[in-house]
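Chain by chain, the residues run as shown.
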Amino acid sequence: MPTTAIEASPWFVCPKPNPRAGLRLFCFPYAGGGTLIYRAWPAALERVAELHMVQLPGRERRLAEPPYTSVDALVSELSETIAGHLDVPFAFFGHSMGAVLSFELARRLRRERGVEPRHLFVSGRSAPQLPRREPCTFDLPEPEFVQELINLNGTPREVLENPELRQLLLPLLRADFAVCQTYEYDPGRPLACPITALGGIGDRVSREDLEGWREQTVSRFMLRMFPGDHFFLNSAQATLLEVIARDLQRHAGASL
C-alpha cells in the first residue's frame, strides 16, 4: 500500500495518494466498522478528492489498542492528530457513529484552530439536537445485545454465531455503542460549511430526523434519501458515491 506523510499516523489510511488533489476527504466509520467500509471509495472519488480513512483504536491494525467509549475523549484525540494534516482544504464524511464524530470534530476544529471542513456529509444519524428515542443497549447482557445487533442488520449472523469471533467483536461494539449512546449534544452556533444529510428509506433514522441537520449550518443544506436500510451506504454505494462526488466537485474545482 502506498504511503504518504499523513499515513505515518495510525489514525489515517490513504490507499491512493494524490498530492495534486485540491481537496482531502476524511471518512469516519460506523460502530464496529473500520477502513474496509470505504475500500471502493478512493477510485470512485479520485477526480474530486484524496480520500483518507479514519482508523480508530480497537480494530484492524489497531486491534490491540483499547477502543474509546466517549465522544469527547475520541474527538479530543482526533483534533490533535488531524491538525497537522489540514494543509489543504478538507471535507468530512461520517456514517452513524461517524456522523457524530465528524460533526463534533468540525465544531472542535472551529473552536480550537479556527478552521472548518469545506463540506460535511452526515449519514444515517439523527440531527444531534433531537432527543434520542432509542434506549441504551451497550450494557445489555450478551444474549440481548447480540439480538440487538441482529436487528440492526449490520453484523453478519455467521460472525455472531461463531463464539470466538463473537467474543473478539462484542467488546468493540459495546465500546462504540457507548460512544453513540452516551453522547450529549451541547448547543452552539451552526457551522459555516454546507451539510449534506444522507439516509436510507428503510432505516430507523427517518427523513424528519435527518432534516434536523438543517439547523446545524448557515450555509447550504441538502437531504438525499436512498433505497435500503441503515446500511444503504453498502447497498446503494454507486449512487451514493455519485452524490458525494457532485457535492465535492464545487470545492475541488474538478469536472466529472
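Please refer to the structure higher up on the page.
Draft legend 1. The pattern of salt bridges, seen in detail. For the coordinates displayed, the defined rule picks out 14 salt bridges. Salt-bridge contacts for Glu104 lead to Arg107; the nearest nitrogen and oxygen are separated by 3.1 Å. With Glu104 and Arg107 both in helix H3 (residues 97–113) and three residues apart, this pair spans about one turn of that helix. Taken as a pair, Glu104 and Arg107 share a single burial class, namely buried. Put simply, Glu148 and Arg204 hold a salt bridge, and the shortest N to O gap is 3.4 Å. Remark: Arg204 occurs in the loop between strand S6 (195–200) and helix H7 (207–211) and Glu148 occurs in helix H4 (residues 142–152); sequence separation between them is 56 residues. We classify Glu148 as buried; its relative accessible area is 16%. Judged by relative accessible area, which is 42%, Arg204 ranks as partly exposed. A cluster of three or more residues bridged by salt bridges with shared partners is formed by Arg24, Glu50 and Asp87.

Draft legend 2. Region of the structure containing the packing of aromatic side chains. Scanning all chains against the criterion turns up 14 aromatic pairs. When the centroid spacing of 5.9 Å and the interplanar angle of 85° are considered together, the rings of Tyr38 and Phe93 count as edge-to-face. Taken together, the residues Tyr38 in the loop between strand S2 (24–28) and helix H1 (41–45) and Phe93 in strand S4 (residues 90–95) connect sequence positions 55 residues apart. Exposure class is identical for Tyr38 and Phe93. Each is buried. Members of the aromatic cluster, each reached through a chain of ring pairs, are Phe12, Phe26, Phe28, Phe90 and Phe92. The ring of Trp11 has Arg62 sitting right over it, with the charged end atom 4.2 Å from the ring centre.

Draft legend 3. Local environment of the side chain of Ser9. Structurally, Ser9 can be placed in the segment before strand S1 (12–13). With near-sequence residues (within four places) excluded, Ser9 lies in contact with Thr81 and His85.

Draft legend 4. Summary view of the side chain of Ser79. Along the polypeptide, Ser79 turns up in helix H2 (residues 71–82). Among the polar contacts listed, one links the side chain of Ser79 to the side chain of Glu112, at a separation of 3.3 Å. Not counting residues within four places of it along the chain, the set of residues in contact with Ser79 comprises Leu105, Arg108, Leu109, Glu112 and Arg113.

Draft legend 5. Seen up close, the sheet that holds S2. Pairing is mixed in the open sheet, where seven strands are placed in the order S1-S3-S2-S4-S5-S6-S7. Unpaired on one side and paired on the other, S1 and strand S7 (221–226) mark the two borders of the sheet. In this structure, S1 lies alongside strand S3 (residues 50–54), joined through two bridges in antiparallel fashion. Bridging from a neighbouring strand, Phe12 pairs with Val54 of S3.

The rules behind each value
- Residues numbered from 1 in each chain as written.
- Predicted model: local features only at pLDDT ≥ 70, side-chain atom pairs only at ≥ 80, totals over all residues.
- Heavy atoms only, no water.
- Salt bridge = Lys/Arg side-chain N within 4 Å of Asp/Glu carboxyl O.
- Helix = DSSP H or I, 4+ residues; strand = E, 2+ residues; numbered from the N terminus.
- Buried < 20%, exposed > 50% of the residue type's maximum accessible area, 1.4 Å probe, protein only.
- Phe/Tyr/Trp six-rings, centres within 6.5 Å; stacked < 30°, edge-to-face > 60°.
- Lys NZ or Arg CZ within 6 Å of the ring centre and 35° of its normal.
- Contact = heavy atoms within 4.5 Å.
- Polar contact = N/O pair within 3.5 Å; in protein donor to acceptor, adjacent residues only side chain to side chain.
- Pairing = 2+ DSSP bridges.

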